[in-house]
Amino acid sequence: MVSHSELRELFCAADAVCFDVDSTVIREEGIDELAKFCGVEDAVSEMTRRAMGGAVPFKAALTERLSLIQPSREQVQRLIAEHPPHLTPGIRELVSRLQERNVQVFLISGGFRSIVEHVASKLNIPPTNVFANRLKFYFNGEYAGFDEMQPTAESGGKGKVIKLLKEKFHFKKIVMIGDGATDMEACPPADVFIGFGGNVIRQQVKDNAEWYESLLEDFL
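Residues numbered from 1 in each chain as written. Predicted model: local features only at pLDDT ≥ 70, side-chain atom pairs only at ≥ 80, totals over all residues. Heavy atoms only, no water.

## A closer look at the overall build of the protein chain
Then, number 1: The helix and strand tally for the protein chain stands at eleven helices and eight strands.
Then, number 2: Here the protein chain has a C-alpha radius of gyration of 17 Å; the compact-globule value for 220 residues is 17 Å, and the two agree.
Then, number 3: Overall, the C-alpha framework of the protein chain stretches about 50 × 30 × 30 Å when taken along its three principal axes.
Then, number 4: Each of the 220 residues in the protein chain was classed as buried or not, and the buried ones make up 49%.
Then, number 5: For the protein chain, contacts bridging at least 24 residues in sequence account for 63% of all contacts bridging at least 6.
Then, number 6: Put simply, the protein chain shows about 10500 Å² of open surface, and 50% of that area lies on carbon and sulfur atoms.
Then, number 7: Across the protein chain, the mean location of the 25 positive side-chain charges is 4 Å away from that of the 32 negative side-chain charges. (Helix = DSSP H or I, 4+ residues; strand = E, 2+ residues; numbered from the N terminus. Rg over C-alpha atoms; globule rule 2.2 N^0.38 Å. Buried < 20%, exposed > 50% of the residue type's maximum accessible area, 1.4 Å probe, protein only. Contact = heavy atoms within 4.5 Å. Areas by Shrake-Rupley, 256 points an atom, 1.4 Å probe, with all protein chains shown as cover. Lys, Arg positive; Asp, Glu negative; His and termini not counted. Charge placed at Lys NZ, Arg CZ, Asp CG, Glu CD.)

## A few points about the nonpolar core
What tends to happen in soluble globular proteins is that the nonpolar side chains get buried as a cluster.
Then, number 1: Ranked by size, the top nonpolar core spans 27 residues in total, and within it Val17, Phe19, Val25, Leu107, Val175 and Ile177 carry the most contacts.
Then, number 2: Of all the secondary structure elements, the ones that give two or more residues to this core are β1 (16-19), α2 (21-25), α7 (91-100), β2 (104-112), α8 (113-122), β3 (130-133), β6 (174-178) and β7 (192-196).
Then, number 3: With four residues, α7 is the largest single contributor of residues to this core.
Then, number 4: The contact partners of Val175, leaving out residues within four places of it in the chain, are Leu10, Phe11, Ala14, Ala16, Val17, Cys18, Val192 and Ile194.
Then, number 5: Ranked by size, the runner-up nonpolar core spans 18 residues in total, among them Phe131, Val161, Phe171 and Met176. (Core = buried A, V, L, I, M, F, W, Y, C linked by side-chain atoms within 4.5 Å.)

## Focus on the pairing of β3
Then, number 1: Here β3 shows a buried face lined by Val130 and Ala132 and a second buried face lined by Phe131 and Asn133.
Then, number 2: Bridge analysis of β2 against β3 gives three bridges, and the strand direction is parallel. Across the sheet, residue Phe112 finds its bridge partner in β3, namely Asn133.
Then, number 3: Between the parallel pair β2 and β3, the chain is carried across by α8, and the sense of this crossover is right-handed. (Pairing = 2+ DSSP bridges. Right-handed = clockwise from strand over helix to strand, strands pointing away.)

From the geometry alone we can't say anything about function, so treat these as descriptive.
Set out below in structure tokens:
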């Protein structure tokens, strides 16, 4: 097992850091907030809890939840305008510090690109460094499904993105930080996984992560 000091050395040597978004970079679960906005909060929250704990295949859980929510384009836009996501305390400073050190920062999310790009803009992360699911809409704005070809739409998708980043940019060391089972399973190919429990604790992750933090300030 890698020692805590070795993990810290790996983190400091990383040339790229990938963050999960829901319950990590932001305090909420984006899909639960969308469900609340659309009036189907309770049923969807339970599905999210099971999916993040690793009990249900991710694509199946995403399909099931979205078929319940049926969000329109207008509802998604109104959610972002009226109830913008709240950044987790310490994330601005951490991302800024990494960028000052010329570390590439990526957001890899099983959430929705329209919401994640809004978060990225608040952290000066370019859209090209965002990997998330795309909602599809009919010409009248009604929900038409999601892009199932995105790697983030299925279990193991975050690992696929990290493998792609290594091949494209030749990163030597990539760190993945997140709260959920889908984040933990991205290591490998990530070189280090850091579990984060500052917004919600997933017991499976807390029990199995070699490095687990509850405050983003601790990384600084």
